[in-house]
Amino acid sequence: MSIEAVGVSKSYGAHPVLRDVSLKVDDGGLVALLGPSGSGKTSLLRVLAGLEAPDAGRVVFGGRDVSRHGVADRGVGFVFQHYALFREMTVFENVAFGLRVKPRAVRPSEERLRRKVHELLGLVQLESMANRYPSQLSGGQRQRVALARALAVEPAVLLLDEPFGALDTKVRRQLRSWLRTLHDELHVTTLIVTHDQEEALELADRVILMNDGRIEQQGSPTELYEAPATAFVAEFLGDVNVIEGTVEGDGALAVGRWRVPLLDAAPGSRVRVALRTADLELLVAEDDDACATISRVADLGEKIQFEATVDGGPTVRVHLARRALLTLERGARVTIEARVQRVYPA
Amino acid sequence: MAHRTRERPRGPVAWAVLGVSVVTVAALLLLPLVVVFVEAFREGPARWVSAVSSPDTVSALKLTGLVLALVVPFHLVFGVAAAWLLTRYDFPGKGIVLTLVDLPFAVSPVVSGLLFVLLFGARGFFGPWLIDHGIRIVYAVPGIVLATLFVTLPFVTRELVPLLDAQGREEEEAAASLGAGAMHILFRVTLPRIKWGVLYGGVLCAARAAGEFGAVSVVSGQLRGETVTLPLHVEVRYDEYAFVDAFAVATLLAFSGLATLGFKAWLEERARRAMRTTGESG
């Protein structure tokens, strides 16, 4: 079922958290709501779920206006960052909960309920844990129980609020690809809130980037990464150096001794240039040509991070592939070359 | 909970503090308790039995039982509802309500009792109307129940507000998103988590209701066999110089107090164990 928000606004007291937000998630899609903390993404998710009432705007599920429906009547599966499992109940009873509270007329028989719960526990690979209590599970297992519990009522849409936020990196990765596989099997329309760009880019068909209660840009991961619409998007996605300055007569930006040629910038205008650490190149240079000194080298594993301090200017971070380490050591004199640049008005 | 290593007291100051505490506890708590029992049994167990089984004592016991049977269930329901309202909803004047709940703790019980006399007494605000309709509140059982309800108001609510606040509402939201209605959420999700707190508040409420003297004494009128509760009966007998009777009845209150303490300790242990086995962040 498609999910749609139309002109949704919400404030807490005098503080606006959502400003006229509209979005659409197509039926069967997996979309990530990405943004820094405080950008309004969780509030938007809660409004869509019906856990929070918007001050203005509508929520539409599959073409039907559900704005007046409470959370219990919207048919959403909601997964919380801190799992929100019922701690007094076993794993089995947690998953069975949504089935047990159904009205008598549509409540499955005990036998069918058992079959369904075991099926779901199999799906999340926790069949052997049915009689455990949530406190006896690891974080990753708890979140899988939370997912099975949400799926038990066969929701039309699945809303996940930072579902992997409280887990360590390795478990996050596993659950992420597992969730993607699960989605490809079940095709439930899914909206996932995250502040982790890697998670959003890896998991989602489409990414909606939020900032300060507004949607900054939406599109496929590639679109967002290759063509960031604003300086904020460019800075948020990937590891970026931002330099600011006034364009000189020859169309270049001077930062200390470093001159960055810009393609189409009007001389005299103030600009903000976003340079990805991976889009920069360092070349060893002689005294007069050089414009920066390597001030720090850090081995990050897959890549090496160099910090180059521009003469009379800022320090720029550059990521080079591992094999490039060869001649560049601390104190080496270099020039910096930008392969790709994005220029935004300052 | 973090493990703390416990040490024996070390140095003269520690021993001095310990000494003061022991003397205080002995003088203020143990000594009176011992005196009550010694005086009650001064003329032997047979005398004690006849004192506690006299018709006046039995009627006082019955009245106290009736008050408990009305007050405790009322406060269990009211306390859960009030705590739920105060922690789950925002409304104007919430701070004032929270303060008002504490009012009975702040006001002297005698003043609380007087309040009911001023409202429902013969010359009180509603007095003439009540007399016209033949309804007796003050110097009758309804007044005693009302006064006890008032002084025991804070116990359950006060116990539950911090508990519900600390637990947050995520599990309730999860239950709602799974299609559960308010009753399902209350009985399957919220109450199981706070049941020990509810019981604990109920025990404290019952202890206070059984032992309340000041407020009840003002509205009672002390009509023998009608409006005399157990604590009032102690005073009545004492004023009549029936000291052994008074102390014998007092032992009944002491027993109920000791039982309450035991039950309370057991509840605390259960609550702690429940916390341990179900974890903190579920």
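The preceding data block contains the structure.
Remember, predicted model here, so these are calculated numbers, not experimental data. (Residues numbered from 1 in each chain as written. Chains lettered and ligands numbered in written order. Predicted model: local features only at pLDDT ≥ 70, side-chain atom pairs only at ≥ 80, totals over all residues. Heavy atoms only, no water.)

**Re the packing of helix α3 (residues 55-88) of chain B against helix α7 (residues 141-151) of chain B**
All names here are of chain B.
Piece 1. At a minimum axis separation of 10 Å, α3 and α7 run at an interaxial angle of 45°. In this view, α3 runs oblique relative to α7, as classed from their interaxial angle. For the pair α3 and α7, the sense of crossing is right-handed. On α7, the residues that touch Leu63, Leu66, Val67, Leu70, Val71, Phe74 and His75 of α3 are Val141, Ile144, Val145, Thr148 and Leu149.
Piece 2. The class makeup of the residues in the contact of α3 with α7 is ten nonpolar, two polar and no charged. (Axes fitted to C-alpha atoms, helices over the stretch in contact; angles between N-to-C directions. Helix = DSSP H or I, 4+ residues; strand = E, 2+ residues; numbered from the N terminus. Parallel < 35°, antiparallel > 145°, perpendicular 65-115°, else oblique. Left-handed = near helix turned anticlockwise from the far one by under 90°. Contact = heavy atoms within 4.5 Å. Nonpolar A, V, L, I, M, F, W, Y, C, P; charged D, E, K, R; others polar.)

**Describing the layout of surface pockets**
Residues and elements named next belong to chain B.
Piece 1. There is about 470 Å³ of room inside the second largest pocket.
Piece 2. Taken together, 18 residues make up the lining of the second largest pocket; nearest its centre are Arg88, Tyr89, Arg169, Glu172 and Glu173.
Piece 3. Mapped by element, the contributors of at least two residues to the lining of the second largest pocket are α3, α9 (170-177) and α10 (182-211).
Piece 4. In the lining of the second largest pocket, the residues fall into seven nonpolar, three polar and eight charged. (1 Å grid on protein atoms, 1.4 Å probe; cavity = no way out; pocket = protein on both sides within 12 Å on 5 of 7 lines; lining within 4 Å. Points joined across faces, edges and corners; volume = space filled by probe spheres on them.)

**With respect to the packing of aromatic side chains**
Any aromatic ring pair is given by two values, namely how distant the centres are and how the planes are angled relative to each other.
Piece 1. With the rule as written, the count across this model stands at 16 aromatic pairs over all chains.
Piece 2. When the ring of B:Phe125 is compared with that of B:Phe126, the centres are 5.0 Å apart and the planes differ by 90°; the resulting orientation is edge-to-face.
Piece 3. Ring geometry for B:Trp196 and B:Trp266: centres 6.3 Å apart, planes at 85°, overall edge-to-face. Residue B:Trp196 is found in helix α10, and its partner B:Trp266 is found in helix α13 (residues 243-278); the two are separated by 70 residues along the sequence.
Piece 4. Residue classification places B:Trp196 among the buried residues on the basis of a relative accessible area of 16%.
Piece 5. Its guanidinium or amino end placed over the ring of A:Phe86, A:Arg149 lies 4.5 Å from that ring's centre, counting from NZ or CZ.
Piece 6. Over the ring of A:Tyr225 we find A:Arg276; its NZ or CZ atom is 3.7 Å from the centre of that ring. (Phe/Tyr/Trp six-rings, centres within 6.5 Å; stacked < 30°, edge-to-face > 60°. Buried < 20%, exposed > 50% of the residue type's maximum accessible area, 1.4 Å probe, protein only. Lys NZ or Arg CZ within 6 Å of the ring centre and 35° of its normal.)

**Observations concerning the side chain of A:Thr189**
Residue and element names in this part refer to chain A.
Piece 1. With respect to the secondary-structure elements, Thr189 resides in strand β8 (residues 189-194).
Piece 2. Within the local environment of Thr189, its side chain forms a polar contact with the side chain of Asp27, the two groups lying 3.2 Å apart.
Piece 3. Ignoring sequence-local partners within four residues, the contact set of Thr189 consists of Met1, Ile3, Val25, Asp26, Asp27, Gly28, Gly29, Ala156, Val157 and Leu158. (Polar contact = N/O pair within 3.5 Å; in protein donor to acceptor, adjacent residues only side chain to side chain.)

**Notes on the interface of chain A and chain B**
Piece 1. Each side of the interface is counted separately: chain A has 24 residues, and chain B has 22 residues.
Piece 2. Carbon and sulfur atoms make up 57% of the area that chain A and chain B hide from each other, which totals about 2,200 Å².
Piece 3. Contact with chain B buries surface across chain A, with A:Arg87, A:Glu88 and A:Val101 losing the most and accounting together for 31% of the total.
Piece 4. Taken together, chain A and chain B are joined by two salt bridges.
Piece 5. The partner of B:Glu171 in a salt bridge is A:Arg87, with the nearest N and O atoms 3.0 Å apart. (Buried area = accessible area lost by both parts, 1.4 Å probe. Salt bridge = Lys/Arg side-chain N within 4 Å of Asp/Glu carboxyl O.)

**Side note on the pattern of salt bridges**
Residue and element names in this part refer to chain A.
Piece 1. Counted according to the given criterion, the structure contains 38 salt bridges over all chains.
Piece 2. One salt bridge connects Glu154 with Lys116, and the closest N-O pair in it is separated by 2.3 Å. Taken together, the residues Glu154 in the loop between α4 (139-152) and β7 (157-161) and Lys116 in helix α3 (residues 110-123) connect sequence positions 38 residues apart.
Piece 3. Where Arg272 meets Glu244, a salt bridge forms, and the shortest distance between an N and an O atom there is 3.0 Å. Linking Arg272 in strand β14 (residues 270-276) with Glu244 in strand β11 (residues 240-246), this pair joins segments that are 28 residues apart in sequence.
Piece 4. Look at Glu244 and you get partly exposed, because its relative accessible area is 42%.
Piece 5. Through salt bridges with shared partners, one network takes in Arg172, Arg173, Arg176, Asp196, Glu198, Glu199 and Glu202.

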